[in-house]
Amino acid sequence: MLHVAVVGSGPSGVYAAQSLVQQDRVPDVRVDVLDRLPCPYGLVRYGVAPDHEKIKSLQNNLRTVLEHERVRFLGAVEIGPGALPPARLLGLYHAVVYCVGAAADRRLGVPGEDLPGSYSATEFVSWYSAHPDALADASAPDAFVRDVESAVVIGVGNVAVDVARMLLRGAAELLPTDMPHAALGVLAQSRVREVSMVGRRGPSQARFTTKELRELGALPDTEVLVDPAELALDPAYADPSGLPAASRRNVEVLRGWAERPARGLPRRLRLRFFLRPVALVAGAGGRVAGTRFERTLPDGRGGVTASGAYEDIPGQLVLRSVGYRGVPIEGLPFDPDRGTVPHAAGRVLRDGVPSPGEYVAGWIKRGPTGVIGTNRPCAKETAQSLLDDAPALVRRPLSGDPLTALRAAGQEPVEWPGWLAIEHAEAALGHSLGRGIVKIPDWAGLRTAAGGMRDTP
Ligand code: NAP
């Protein structure tokens, strides 16, 4: 038997587990999928926007893997120096695959970045996704959108599109989602009327995908405004035919919007380009009131140059959506420039040499790029490396069921029945509120719900 721990139950972790158990090269592979949270699915549960129900339904596929007879989910298990260091974890298993994603945000590095009213997009996403580590003050009844009429979203990737869309959705569209009840109440009461989403380069370099971009044009009561003169700074705007297909489609959608007459709808989404953030500016009371941008100009090689001309965009809420960043795990090597663990085909490299039994997959392996499906081949490559190494790995004897050792180390893992109990409690909560499933947003609530199953025979 080859016993493997996968750390992280998001798509890359689950796909790694799947590749390890659904193969016939190495017999009897068993996988424990560990997660810091009591709930599985990683960013599918805590990152995919609540109104993207179709993508969220991917949980059903991931669930099939976690219910496989040789896969065991162990939630609420913390890996790290104070809890279970990597060296100790490796002692419990033949191999460990780290699929811990990229948990931090990139910083802008501009003055005013931390003013009240300025948040990373991830903080906002965590809040509306019911992540139990969401900001403590996010439980305030008017969190994020208090006195906000205009918001600025910095960055033009898919996360920026998500947060802009969530700010502009109305109560009727949010009600059927599983978002936590407090956040639903806040967004339903929001007075945000204008959102500016701002890219530092041109429309042909925007990172969002066309399907997500188009969705913005379908938001009820919301007008998408683009300035044709600003778009035309991009040399590819006049004739996008030479662009890669994804960028060409984006430019075509933006052109369509630029040519559309204004309709005077109550909410506005302004898509801005060639503006580089240089400072967040405080208003009366010290809260952010606007963001100062410098106009940039294309350099002809996909980059931009500074122009020396500035523009302030008002906004009492700023969401910085400039990408994720991997976080080092003490005891594992880390490349701070890339925010990833150095590896060769998924094998963790220590001083340039593969470390026996240690592997990575997903964003901590390749950086925070790609859609959910990108994790499948990425995890498969890692699993292949591990299976190639299996004959040597299984020679090391293990001292019994790691679950016993985890408990002895002070961990209280939430097993699959505990997670099912959370699901059950979330359905009951939704029912009591006259909604569908409603997510539980706090650690205490999740722990209580997970414990509920223990009483059930
Ligand atoms: P992203 O795609 O890397 O986009 C980051 C954006 O921030 C880019 O526009 C980037 O501009 C900008 N940026 C970076 N540093 C900046 C700075 N200092 N000042 C101003 N702008 C800056 O990251 P993401 O949106 O966080 O998405 C992460 C991954 O998750 C992506 O692969 C994305 O597709 C995926 N995702 C997918 C979905 C979906 O499929 N529905 C939803 C959410 C996320 P530059 O290009 O100029 O660097």
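### Points about the domain arrangement of the protein
Right, on to step 1. Along its sequence, the protein is carved into domain 1 (2–103 + 326–412) and domain 2 (106–320).
Right, on to step 2. For domain 1 and domain 2, the distance between their C-alpha centroids amounts to 33 Å.
Right, on to step 3. On the side of domain 2, 17 residues touch domain 1, which itself brings 11 residues to the contact.
Right, on to step 4. Here domain 1 meets domain 2 over a buried area of about 1200 Å², counting both sides, of which 54% is carbon and sulfur.
Right, on to step 5. The salt bridge partner of Asp-133 is Arg-36, with a shortest N-O separation of 2.5 Å.

### A word on the site of the ligand
Right, on to step 1. Near the ligand you find 23 residues, and of these Val-156, Val-159, Arg-200, Arg-201 and Gly-370 are the closest.
Right, on to step 2. Contact distances for the ligand include 3.1 Å between an oxygen atom and a side-chain N or O atom of Arg-207.
Right, on to step 3. Between the ligand and Gly-370 there is a distance of 2.8 Å, counted from an oxygen atom to a backbone nitrogen or oxygen.
Right, on to step 4. With the chains in place, 86% of the 920 Å² that the ligand exposes on its own is no longer accessible.
Right, on to step 5. Examining the composition of the shell around the ligand, we find that 3 residues originate from one element, helix α7 (residues 158–168), more than from any other.
Right, on to step 6. Grouping the amino acids of the shell around the ligand by side-chain chemistry returns 10 nonpolar, 7 polar and 6 charged.
Right, on to step 7. Here the shell around the ligand spans two domains, since at least three of its residues come from each of domain 1 (2–103 + 326–412) and domain 2 (106–320).

### Let's talk about the environment of Ala-425
Right, on to step 1. Relative to the assigned elements, Ala-425 resides in helix α17 (residues 416–432).
Right, on to step 2. The residues contacting Ala-425, other than those within four sequence positions of it, are Ile-440 and Ala-449.

Rules used in this analysis
Residues numbered from 1 in each chain as written. Predicted model: local features only at pLDDT ≥ 70, side-chain atom pairs only at ≥ 80, totals over all residues. Heavy atoms only, no water. Domains from an automatic or database assignment. Contact = heavy atoms within 4.5 Å. Buried area = accessible area lost by both parts, 1.4 Å probe. Salt bridge = Lys/Arg side-chain N within 4 Å of Asp/Glu carboxyl O. Near = heavy atom within 4 Å. Polar contact = N/O pair within 3.5 Å; in protein donor to acceptor, adjacent residues only side chain to side chain. Areas by Shrake-Rupley, 256 points an atom, 1.4 Å probe, with all protein chains shown as cover. Helix = DSSP H or I, 4+ residues; strand = E, 2+ residues; numbered from the N terminus. Nonpolar A, V, L, I, M, F, W, Y, C, P; charged D, E, K, R; others polar.

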